[in-house]
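# Chain and residue survey
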Amino acid sequence: MMAAVAATVLGKWAHHPARAMIDPSSWRWAVDYGANSDPALARRYQLLVLEPDHAREIAKLRGPHSVLLGYVSLGEVEKSRPYFQDLLAAGALTKPNPNWPDARMADPRHPAWRLVLLDHIIPAILARGYNGIFIDTTDSVEAMEQAEPLENKGMIDAAAELILAIRSRFPDIQIMLNRGYAVLPQVTGAINYLLGEAMASRWNFTRNSYELLSDEDWNWQATRLRSAQSANPALRILTLDYWNSEDMGQTAALYARERKAGFLPYVATLALDHLVDEPGG
């Protein structure tokens, strides 16, 4: 069943024309979940991922040719979301995220979660003027199935099917997927952008500090990103690294490393609550 769904959706999407070539040295993207994005800085980016539930005019943040994507969490739901209590009561939410206790894991197999995503969350984002969505926390689904393979059997396939259902329901929107390597082989042709989060650096929740990752860690992600791009040459590969923005030397080095590899980088602080300009502009 899953293979049939994927073939149908990806077959339709395969006819869309490839994206125009871009210059990695000048193309910029960013993510900002804060409520007070700097309009002057925001308009300099070709792509922006934003928190769509803030009450604001996003037209002020849009550059001449920019793409704006609204945040969607597929594998978790924060208790601040208006649909949280209904999903909790329906049994669509499970355990809290240990790193983000205000969020509970979402079960992609549950029909209530599918209904809310397809009929409410995504249409509301598009109605606000966004060009598409940024799909986050798919890795949480993978973690749940790996931790409890019997109880959570089929979660990964259900997440992939849900992404394909989003593409089928909204064929013309732009979709970015954050990591999601367990579902990626099934959905590569249905997305426009793939993000490698924490490629070369990350926040260590145990030590409460930023840290550089090993070459082995970097290569693990890079291999999967490049494999996806080989399967879908029109796919744009983006990276997100976390670092202290006051350390401009290391921040610049992170940008340089990702660009040298052919990726489209952004470096920010863990909170992702404001835009962080690249050193040197």
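Above this text is the structure in question.
Structural notes, computed from the coordinates. Note that the structure is a prediction, hence the values are computed from the model and not measured.

The rules behind the values
Residues numbered from 1 in each chain as written. Predicted model: local features only at pLDDT ≥ 70, side-chain atom pairs only at ≥ 80, totals over all residues. Heavy atoms only, no water. Buried < 20%, exposed > 50% of the residue type's maximum accessible area, 1.4 Å probe, protein only. Helix = DSSP H or I, 4+ residues; strand = E, 2+ residues; numbered from the N terminus. Arc of directions from axis to C-beta. Contact = heavy atoms within 4.5 Å. Pairing = 2+ DSSP bridges. Axes fitted to C-alpha atoms, helices over the stretch in contact; angles between N-to-C directions. Salt bridge = Lys/Arg side-chain N within 4 Å of Asp/Glu carboxyl O. Phe/Tyr/Trp six-rings, centres within 6.5 Å; stacked < 30°, edge-to-face > 60°.

### Brief notes about helix α5 (residues 138–147)
Those residues of α5 lying buried are Thr138, Ser140, Val141, Met144 and Glu145. Within α5, the buried residues cover an arc of 155° as seen down the axis, which keeps them to one side. Residues of α5 that are exposed and point over 90 degrees away from its buried face: Gln146 and Ala147. In this fold, the buried residues of α5 make contact with β4 (76–78), β5 (93–96), β6 (103–106), β7 (132–136), α6 (155–169) and β8 (174–178).

### Thoughts on unusual backbone geometry
Phi is positive for Thr137, close to 60°, though the residue is something other than glycine. Within the element layout of this structure, Thr137 appears in the loop between β7 and α5.

### Side note on the sheet that holds β4
The strand order β4-β6-β5 describes an open sheet built from three strands, whose pairing is antiparallel. Unpaired on one side and paired on the other, β4 and β5 mark the two borders of the sheet. The sheet shows a mean angle of 40° between the axes of neighbouring strands, taken without regard to direction. Bridge count for β5 against β6 is two bridges, and the pairing is antiparallel.

### Observations regarding the pattern of salt bridges
Applying the stated criterion across every chain yields a total of 15 salt bridges. Glu78 is the salt-bridge partner of Arg81, the closest N and O atoms lying 3.8 Å from each other. Judged by its relative accessible area of 13%, Arg81 falls in the buried class. If you follow the salt bridges from partner to partner, you end up with Glu51, Asp53, Glu78, Arg81 and Arg128 in one network.

### Some thoughts on the packing of aromatic side chains
Under the defined criterion, the tally for this structure stands at ten aromatic pairs. Judged by centre distance (6.4 Å) and plane angle (85°), the ring pair of Tyr45 and Tyr266 falls under edge-to-face. With Tyr45 in the loop between α2 (39–42) and β2 (47–50) and Tyr266 in strand β13 (residues 264–268), this residue pair connects regions lying 221 residues apart in the sequence. Members of the aromatic cluster, connected to one another through ring pairs, are Trp29, Tyr45 and Tyr266.

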